[in-house]
4 protein chains.
Amino acid sequence: MASNSFGNLFKITTFGESHGIALGVVIDGCPALLPITEKEIQYELDLRAPGRNTYTTPRKEKDRAEIVSGVFEGKTTGAPITILVYNKDADSSKYEAIKTLLRPGHANYTYLEKYGIFDYRGGGRSSARETVARVAAGAVAKKFLTHYKIYPVAYVKALGGILGEAPTGTHKQISKKIYSSPIFCGDESQAKKMMKAIEKAKEEGDSLGAIIECRVLDLPMGLGDPVYEKLEANLAKAMLTLPATKGIEFGEGFHAANLKGSEHNDLFVKRNNKIKTSTNNSGGTLGGISNGMPLVFRVAFKPTSSIKLPMKTVDIKGKSKTFSLPEGSRHDPCVAIRAVPIIEAMTALVLSDAILMNRCVKI
Amino acid sequence: MASNSFGNLFKITTFGESHGIALGVVIDGCPALLPITEKEIQYELDLRAPGRNTYTTPRKEKDRAEIVSGVFEGKTTGAPITILVYNKDADSSKYEAIKTLLRPGHANYTYLEKYGIFDYRGGGRSSARETVARVAAGAVAKKFLTHYKIYPVAYVKALGGILGEAPTGTHKQISKKIYSSPIFCGDESQAKKMMKAIEKAKEEGDSLGAIIECRVLDLPMGLGDPVYEKLEANLAKAMLTLPATKGIEFGEGFHAANLKGSEHNDLFVKRNNKIKTSTNNSGGTLGGISNGMPLVFRVAFKPTSSIKLPMKTVDIKGKSKTFSLPEGSRHDPCVAIRAVPIIEAMTALVLSDAILMNRCVKI
Amino acid sequence: MASNSFGNLFKITTFGESHGIALGVVIDGCPALLPITEKEIQYELDLRAPGRNTYTTPRKEKDRAEIVSGVFEGKTTGAPITILVYNKDADSSKYEAIKTLLRPGHANYTYLEKYGIFDYRGGGRSSARETVARVAAGAVAKKFLTHYKIYPVAYVKALGGILGEAPTGTHKQISKKIYSSPIFCGDESQAKKMMKAIEKAKEEGDSLGAIIECRVLDLPMGLGDPVYEKLEANLAKAMLTLPATKGIEFGEGFHAANLKGSEHNDLFVKRNNKIKTSTNNSGGTLGGISNGMPLVFRVAFKPTSSIKLPMKTVDIKGKSKTFSLPEGSRHDPCVAIRAVPIIEAMTALVLSDAILMNRCVKI
Amino acid sequence: MASNSFGNLFKITTFGESHGIALGVVIDGCPALLPITEKEIQYELDLRAPGRNTYTTPRKEKDRAEIVSGVFEGKTTGAPITILVYNKDADSSKYEAIKTLLRPGHANYTYLEKYGIFDYRGGGRSSARETVARVAAGAVAKKFLTHYKIYPVAYVKALGGILGEAPTGTHKQISKKIYSSPIFCGDESQAKKMMKAIEKAKEEGDSLGAIIECRVLDLPMGLGDPVYEKLEANLAKAMLTLPATKGIEFGEGFHAANLKGSEHNDLFVKRNNKIKTSTNNSGGTLGGISNGMPLVFRVAFKPTSSIKLPMKTVDIKGKSKTFSLPEGSRHDPCVAIRAVPIIEAMTALVLSDAILMNRCVKI
């Protein structure tokens, strides 16, 4: 089953394994005449890169984006855009020792059962490393969105049970706050507590979960298509394809289930000569279509499955074993942090697709 | 943009408006030789039907499923299966008076902006009535799943802030508990409180939200495809295409964000000669593929947007108005209740699709 | 496998069996605000109708198009458009006697082997009657194309080995010539010979093949997408999905294989301030994209498989039998004639799709 | 518009420009556990390679297939398989001089009009060089087909108006005859005449067209899906996506239009305890589904558009010019010859897809 593509018109296909030769993406359907450079793509990859600081994995790999096709004299041509990121210095030897063990929270068991074969080196295709290809593609989508003045921003909303305030201001101000935080959290004082919690979890050989919020402030009306291509539906799918995600909610989300209609309904008002709603409990959509209010959603991430603490498990024959991370393994105490630019990327891809789809709705 | 289809191989296309001639569905890709009758489809439609009791809308319409194609001598032939449900006695006249008003929580504004035209009668294509087509299709999918001994069961988990216990037992026992409850809630004592809350909301002209949980007890391993056709991703998309949904979570869901890795990781054990996990925090999947544990997810529904209380709004020109439901309007105080069979239907469609996709993964 | 849909953005899904309740089509992706009436659809169905004269099947059925969804106050709304054509007076009893015989040139054998079940009544889903749904959908597509001043015209180019001249003039003049001919052939004198050949074949209980040519005179540049959505590729697929088709060729087609490059290359010239080619050997495309010259292609139809002459065959167990058409069977001596409006319909669908796709190629 | 993918379940996406960094393909949906090596892919690339002899272009490029993902320990894993072919020594400088000229028979004009930008170096994405990616993918598909004992064989059937006999025997014998011919023509004596014609065309600075026939001897029954995924329809689409193709026909093809039903109908007989047809005028399908007889079709290729003879043309502003191939240009006098392995590749892709689709038709 062809299952490595995402999107309808602005469509990506990703490929590559964690410890293979390279990861990459083919973007098919990006409109022609969009100026794009490797530098712009690299900028996004660097945001996602591990080893930015002590709060993410200390791996020192430097991912380099290489545009292989689809760009001519600095502009897209309408041809498929291929971006490659070569894997460097991947040391797969340490995976040999654990290749027959079922790793708690990991996909090696289900992949092996499904396919009868598993590239266990670094998690192969199931590795979160696949997301490097999404971020590269997202960089192109983000550039496309600038032509519509659309800027998705994501940030850590909660981490290890510590809740932060959403940053306010323009998208530029929000981005600045987020990207200047070592853990992509715009709430400085709460971020300090979160960082302490991470340090503690690290010491204990444990890991933490988090909630990432994403906002798109100036989303125009009309994006999203009824009935099965609703904007939320495609965003939900996009986010739940990310490793370690356990849920998504829009606007008031699960809390909406506790409200009354008279509390939850956003009332229409005229503001600055535009029709808006007085509140934004819906999170920016009505009937699956953007309504001109900010898009708001949150994604729940489980704590990193790879922890230093030993865990009970079985091997592929069902024999009891203890799983310990191989010596020298480097892992994130909280994978959700690095998910921030990835969520921006996936949001950009969904919105770019919605923009193209929206070109076809009227004669 | 073609946006009225769902699924890859077991694929549905729905059509029809709330107050049009009929609603319907074409199921394309249902395997041949499946025995199916109109009676089996009708059974599911009746579960979804409004007017079962005081806790749902009192409309007395009786939806009748008619198989128009694809079934010969009681069995599917591999040809597209079309099921029609004719609309009866739809009185559209009362919508005339409110057709220029923006309805809070409704899609008429965004549809009108997007398409430049809107079939306002009963909400047209944006109406929850579209789900009758999904339930009809879901009945066929459920029948298909019985060949794999797969039975999705959904139920009210929380309503108006009142939490219920998930029913336990076999899928048959669970179903019996759920379907014998007027509000599809298997927890009898909590259900009573929920019903009181509904009665109160009704009296106040208000509405309530709810959380529906869905379980699939005996789901075999291997369903779901990496990377962009993960089982959770397709379920998330399926659920977020439903009207009034605001979020979805799997296993521990948003709560997982508060846990440590050592708490959340499900450990592998051998039980009855099968490899299982000792806990099921993940909700039945690993790496997007079912792992042999029960599938568990929850869907958040906002309170019904249509309430009897008058609401401030504007008309399409932005002029301030008050919106009141037309006399004689009949609406659900809690739409989520009727969503129970719909969620089962959508789950059945996703799983049927996953089963077919899973036939193609090995040489 | 979902295999009853055609098109990417302007997408149809057809359903129904020859002797079932109804045939129909769901058009998903037709832009909103297109004025369309049942009368306009009926006009096209009437062109396809059998029994227009002695040269086609004498069946007197009258197909009636009914719009079930997607049109509101005379215009499309962006919602899926469903059109139903109910089957009337289908007498399936005579198929009982021949249901175990393999019919030469028919699909009952392959369907039965593939699916293990076959709706043998009138050929079920394999019947050419399915094309009534295409013509209904094509009527909507044709209407859409009028907004771009695009008018596909098809006609009999050769029949029973008798070659006709292609009609010349504007699309209106061509259409008039074609539709005033009982056999859709614009070459009056050759049409007479063709009609004689049909009468003779009929007397002999035999049937004839034909070649249908299609032209689109004022096709704008830029339709068709490289590499796998070339205009010719999608037209070729469209035509080869039609029953009884055995080939397609564009421009000089198979004859081009006998030419030299210096003979075949169309040279660019400036004419009326537009860049055109001096010849049109390519048939209106370059690199899969329309080049502003008339689109020209031809489709080969085999002679009708159902003939009155008895044929040797076997039954499903392989036992030798003689196949004779049941008494009172009414069949076309040349199915290709009725294919003329069907080819126009399929062409209109491909072009409508290409127009929408072409909206997404530039930023 | 995403238009660089082909196939439903066994799906390819190709990318890369003629003079870009590399060409490549992502194969998504190839089942796991298929043994495949770079050597096997290289074997097919070498067949397609130019410069095999005097009858094809003398370019000495040596294309090297590199597997970048999807293969682990010599077997496919179910992950997307990426194959790269780097471009070497591409000299784009000579294209500078002709970049504003409309090349007769080429796509530079239509691409430029459609996209507003064109990578003119070597034809960019419109170059026949894109087919190297198809052949690489086709090598994987061919390997997959060996598990079903399916072997497509293609050969030159006619060239420059000279007709050859189709080679007979087993697929191995046929392959041997074809691949030992410098022009992939199994009819030795006619091949000599064809080669003389090529030499003459070369001397004259001209080019020739050809017809390639493809046969699949042992195709099992049941491949192909009604109504819009008929085997012929998908083959027709596949072939018409190839550069320089002008038509396709199945079995008796266009000649069938001259036959009577009594002549054309293939009669069913029992042979070696199997149901077959006494003739194979249909070319191996009935109702779009393979019927157990050999699949037979022919593809028409126009003469190479690039010829040494100067041609009249205009530049992009419409000014009259003469087009001459740049000094040192190396071009095929008959591109159709090198299409032989490409047609085998495309056939293998269509059949692999049909095999997977056929796994989903019964419960």
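Student: Looking at this structure, I do not really get the overall build of chain A. What am I missing?
Tutor: In terms of helices and strands, chain A carries 8 helices and 18 strands. The C-alpha atoms of chain A give a radius of gyration of 21 Å, which matches the 21 Å a tight globule of 363 residues would have. Entry remark: accessible area of chain A is about 11,900 Å², with carbon and sulfur atoms responsible for 51%. Taken together, the 50 basic and 37 acidic charged side chains of chain A have centroids lying 2 Å from each other.

Student: Help me understand the environment of Glu188 of chain D, please; the structure alone is not making it clear to me.
Tutor: All names here are of chain D. Within the secondary structure, Glu188 is located in helix 5 (residues 188–203). The exposed category is assigned to Glu188, whose relative accessible area is 64%. Distance from Glu188 to Ala90, taken between C-alpha atoms, is 35 Å for residues 98 residues apart in sequence.

Student: I'm lost on the sheet that holds strand 9 (residues 162–163) of chain A in this one. Help?
Tutor: Within a sheet, adjacent strands bond to each other through the backbone by hydrogen bonds, running parallel or antiparallel. Across the sheet, 10 strands lie side by side as 9(A)-8(A)-10(A)-16(A)-11(A)-11(B)-16(B)-10(B)-8(B)-9(B); this open sheet has antiparallel pairing. Each having just a single partner strand, strand 9 of chain A together with strand 9 (162–163) of chain B make up the two edges of the open sheet. Summarising the sheet, strand 11 (residues 245–250) of chain A and strand 16 (residues 295–301) of chain A pair through 5 bridges and their orientation is antiparallel. Bridging across to strand 16 of chain A, Ile248 of chain A finds its partner in Val299 of chain A. The strands touched by helix 8 (residues 335–357) of chain A within the sheet are strand 8 (152–159), strand 10 (210–216) and strand 16 of chain A, with strand 8 of chain A carrying the most contacts at an inclination of about 145°.

Student: What am I meant to see in the relation of the copies chain D and chain C here?
Tutor: To go from the first copy of the chain to the second, apply a rotation about an axis and then a shift along the same axis. The two copies are related by a screw operation: chain D maps onto chain C through 180° of rotation and 0.0 Å of translation along the axis, at an RMSD of 0.0 Å. Seen this way, the second copy is the image of the first under a two-fold rotation axis. Relative to the rotation axis, the C-alpha of Lys237 of chain D is the closest in chain D, positioned 2.5 Å from it.

Student: Sorry, what's going on with the packing of aromatic side chains here?
Tutor: Think of a pair of aromatic rings as described by two things: how far the centres are apart, and how the planes are tilted against each other in angle. Scanning the model with the defined rule gives 38 aromatic pairs over all chains in all. Centroid distance Tyr111 of chain C to Tyr115 of chain C: 6.0 Å. Interplanar angle 55°. Geometry classified as tilted. Here Tyr111 of chain C and its partner Tyr115 of chain C are both found in helix 2 (residues 108–115), 4 residues apart, which amounts to about one turn of the helix. An angle of 65° between the planes, with centres 5.4 Å apart, marks the rings of Tyr111 of chain D and Phe118 of chain D as edge-to-face. Neither residue differs from the other here; Tyr111 of chain D and Phe118 of chain D are each classed as buried.

Student: Can you walk me through the relation of the copies chain B and chain A in this structure?
Tutor: After a rotation of 180° and a shift along the axis of 0.0 Å, chain B superposes on chain A with an RMSD of 0.0 Å. Counting the interface residues of chain B, we find that 100% of their copies in chain A are interface residues as well, pointing to one common contact surface.

Student: Explain the confidence of the model for chain A here, please?
Tutor: Fine structural detail should not be taken from predicted coordinates in areas where pLDDT scores are low. Per-residue confidence for chain A averages 95 on the pLDDT scale, and 98% of its residues sit at or above 70. Across the whole predicted complex the pTM is 0.98, and at the interface the ipTM reaches 0.97.

Student: Help me out: how do you make sense of the interface of chain B and chain A in this one?
Tutor: Quite often, the size of an interface is put as the accessible area lost when its parts meet. Each partner contributes residues to the interface: chain B has 105 residues there, and chain A has 105 residues. With both sides pooled, the region where chain B packs onto chain A buries about 8,300 Å², and carbon together with sulfur makes up 63% of that total. In terms of surface lost to chain A, no three residues of chain B exceed Met1, Lys114 and Tyr228 of chain B, which account for 11% of the buried area on that side. Where chain B touches chain A, the interface holds 6 salt bridges. Across the contact surface, chain B and chain A share 43 residue pairs in polar contact (both at pLDDT 80 or more). Each residue belonging to the side of chain B that touches chain A can be placed in one class, and the counts come to 46 nonpolar, 34 polar and 25 charged. Relative to strand 11 (residues 245–250) of chain B, strand 11 of chain A is paired through 3 bridges, and the arrangement is antiparallel.

Student: Would you explain the pattern of salt bridges in this entry?
Tutor: One side chain can pair with another of opposite charge once the charged atoms of both are near each other. Residue and element names in this part refer to chain A. In the structure shown here, the tally under the stated rule is 68 salt bridges over all chains. Of the charged contacts, one joins Glu40 and Lys143 as a salt bridge, the two residues approaching to 2.8 Å between their closest N and O atoms. Here Glu40, found in helix 1 (residues 38–48), pairs with Lys143, found in helix 3 (residues 131–146); they are 103 residues apart in sequence, far enough to count as distant. Three or more residues are tied together by salt bridges with common partners; here these are Glu213, Arg215, Glu249 and Arg298.

Student: Is there a simple way to explain the interface of chain D and chain C in this structure?
Tutor: Counting from both sides, the interface comprises 105 residues of chain D and, opposite them, 105 residues of chain C. Buried surface at the junction of chain D and chain C, summed over both partners, amounts to about 8,300 Å²; 63% is from carbon and sulfur atoms. Of all residues in chain D, the largest losses of buried area upon contact with chain C belong to Met1, Lys114 and Tyr228 of chain D, amounting jointly to 11% of the total for that side. On the surface where chain D and chain C come into contact, there are 6 salt bridges. Note that Lys237 of chain D and Glu229 of chain C form a salt bridge whose closest N and O atoms lie 3.2 Å from each other. Along the contact surface separating chain D from chain C lie 43 residue pairs in polar contact (both at pLDDT 80 or more). Classifying every residue of the side of chain D that touches chain C by side-chain character gives 46 nonpolar, 34 polar and 25 charged.

Student: What exactly am I supposed to notice about unusual backbone geometry here?
Tutor: Peptide bonds are, in most cases, trans, and in most cases residues other than glycine have a negative phi. Going from Pro226 of chain A to Val227 of chain A, the amide bond is cis rather than trans, its omega being -5°. Within the secondary structure, Val227 of chain A is located in the loop between strand 10 and helix 6 (231–240). You will see that Ala244 of chain A, though not glycine, has its phi angle at about 75°, which is positive. Its place among the elements puts Ala244 of chain A in the loop between helix 6 and strand 11. The backbone of Phe184 of chain D sits at a positive phi, close to 55°, despite the residue not being glycine. Summarising the element assignment, Phe184 of chain D is placed in the loop between helix 4 (171–179) and helix 5. The exposure class assigned to Phe184 of chain D is buried, which follows from its relative accessible area of 1%.

Student: Please clarify how helix 3 (residues 131–146) of chain C should be interpreted in this entry.
Tutor: Three or four residues apart is the spacing at which side chains of an α-helix point the same way, because the helix has 3.6 residues per turn. In this model, helix 3 of chain C (16 residues) spans 22 Å end to end at C-alpha, consistent with the 22 Å of a helix rising 1.5 Å per residue. For helix 3 of chain C, the tally of buried residues reaches 15 of 16 residues, placing the bulk of the element in the interior.

Student: I tried to follow the packing of helix 3 of chain C against helix 8 (residues 335–357) of chain C on my own but got confused; where do I start?
Tutor: A pair of packed helices is characterised by two quantities: the angle between their axes and the separation of those axes. Residues and elements named next belong to chain C. Packing of helix 3 against helix 8 leaves a shortest axis separation of 7 Å and a crossing angle of 50°. Considering the angle they form, helix 3 stands oblique to helix 8. You can see that helix 3 and helix 8 cross each other, and the crossing is left-handed. Where helix 3 approaches helix 8, its residues Thr131, Arg134, Val135, Ala137, Gly138, Ala141, Lys142, Phe144 and Leu145 are matched on the opposing element by Pro341, Ile342, Glu344, Ala345, Met346, Ala348, Leu349, Leu351, Ser352, Ile355 and Leu356. Of the residues assigned to the contact of helix 3 with helix 8, the class counts are 14 nonpolar, 3 polar and 3 charged.

Student: What is the right way to read the state of the cysteines from this model?
Tutor: In a disulfide, the sulfur atoms of two cysteines are held together by a covalent bond. Residues and elements named next belong to chain A. The full count for this structure, using the stated rule, is 0 disulfides over all chains. A disulfide-free cysteine, Cys334 has its sulfur positioned 11 Å from the sulfur of Cys185, the nearest such atom. For Cys334, a relative accessible area of 0% gives the class buried.

Student: I tried to follow the pairing of strand 7 (residues 81–86) of chain B on my own but got confused; where do I start?
Tutor: Moving residue by residue along a regular strand, the side chains alternate between the two faces of the sheet. Residue and element names in this part refer to chain B. For strand 7, the tally of buried residues reaches 5 of 6 residues, placing the bulk of the element in the interior. With 6 bridges connecting them, strand 3 (residues 22–28) and strand 7 associate as antiparallel partners. Its bridge partner being in strand 7, Gly24 is matched across the sheet by Leu84. Two elements, strand 4 (residues 65–69) and strand 7, share 4 bridges in a ladder whose sense is antiparallel. In the strand pairing of strand 7, Glu66 is matched with Leu84.

Student: Can you help me understand the sheet that holds strand 4 of chain B in this one?
Tutor: The 5 strands are arranged 1-2-3-7-4 (chain B) in an open sheet whose pairing can be described as antiparallel. Among the strands making up the open sheet, the edge pair consists of strand 1 (5–6) and strand 4 of chain B.

Student: Teacher, can you tell me more about the side chain of Glu17 of chain C here?
Tutor: With respect to the secondary-structure elements, Glu17 of chain C resides in the loop between strand 2 (11–15) and strand 3 (22–28). No salt bridge forms around the buried Glu17 of chain C; measuring N to O, its nearest opposite-charge neighbour Arg121 of chain C is 5.4 Å away. In this structure, Glu17 of chain C is in contact with Ser69, Gly70 and Ala79 of chain B together with Ala22, Leu23, Asn87, Asp119, Gly124 and Arg125 of chain C, ignoring residues within four places of it in sequence.

Calculation rules
- Residues numbered from 1 in each chain as written.
- Chains lettered and ligands numbered in written order.
- Predicted model: local features only at pLDDT ≥ 70, side-chain atom pairs only at ≥ 80, totals over all residues.
- Heavy atoms only, no water.
- Helix = DSSP H or I, 4+ residues; strand = E, 2+ residues; numbered from the N terminus.
- Rg over C-alpha atoms; globule rule 2.2 N^0.38 Å.
- Areas by Shrake-Rupley, 256 points an atom, 1.4 Å probe, with all protein chains shown as cover.
- Lys, Arg positive; Asp, Glu negative; His and termini not counted.
- Charge placed at Lys NZ, Arg CZ, Asp CG, Glu CD.
- Buried < 20%, exposed > 50% of the residue type's maximum accessible area, 1.4 Å probe, protein only.
- Pairing = 2+ DSSP bridges.
- Contact = heavy atoms within 4.5 Å.
- Axes fitted to C-alpha atoms, helices over the stretch in contact; angles between N-to-C directions.
- Least-squares fit on C-alpha atoms with pLDDT ≥ 70 in both.
- Phe/Tyr/Trp six-rings, centres within 6.5 Å; stacked < 30°, edge-to-face > 60°.
- pLDDT = per-residue confidence, 0-100.
- Buried area = accessible area lost by both parts, 1.4 Å probe.
- Salt bridge = Lys/Arg side-chain N within 4 Å of Asp/Glu carboxyl O.
- Polar contact = N/O pair within 3.5 Å; in protein donor to acceptor, adjacent residues only side chain to side chain.
- Nonpolar A, V, L, I, M, F, W, Y, C, P; charged D, E, K, R; others polar.
- Expected span 1.5 Å × (residues − 1).
- Parallel < 35°, antiparallel > 145°, perpendicular 65-115°, else oblique.
- Left-handed = near helix turned anticlockwise from the far one by under 90°.
- Disulfide = S-S within 2.5 Å.

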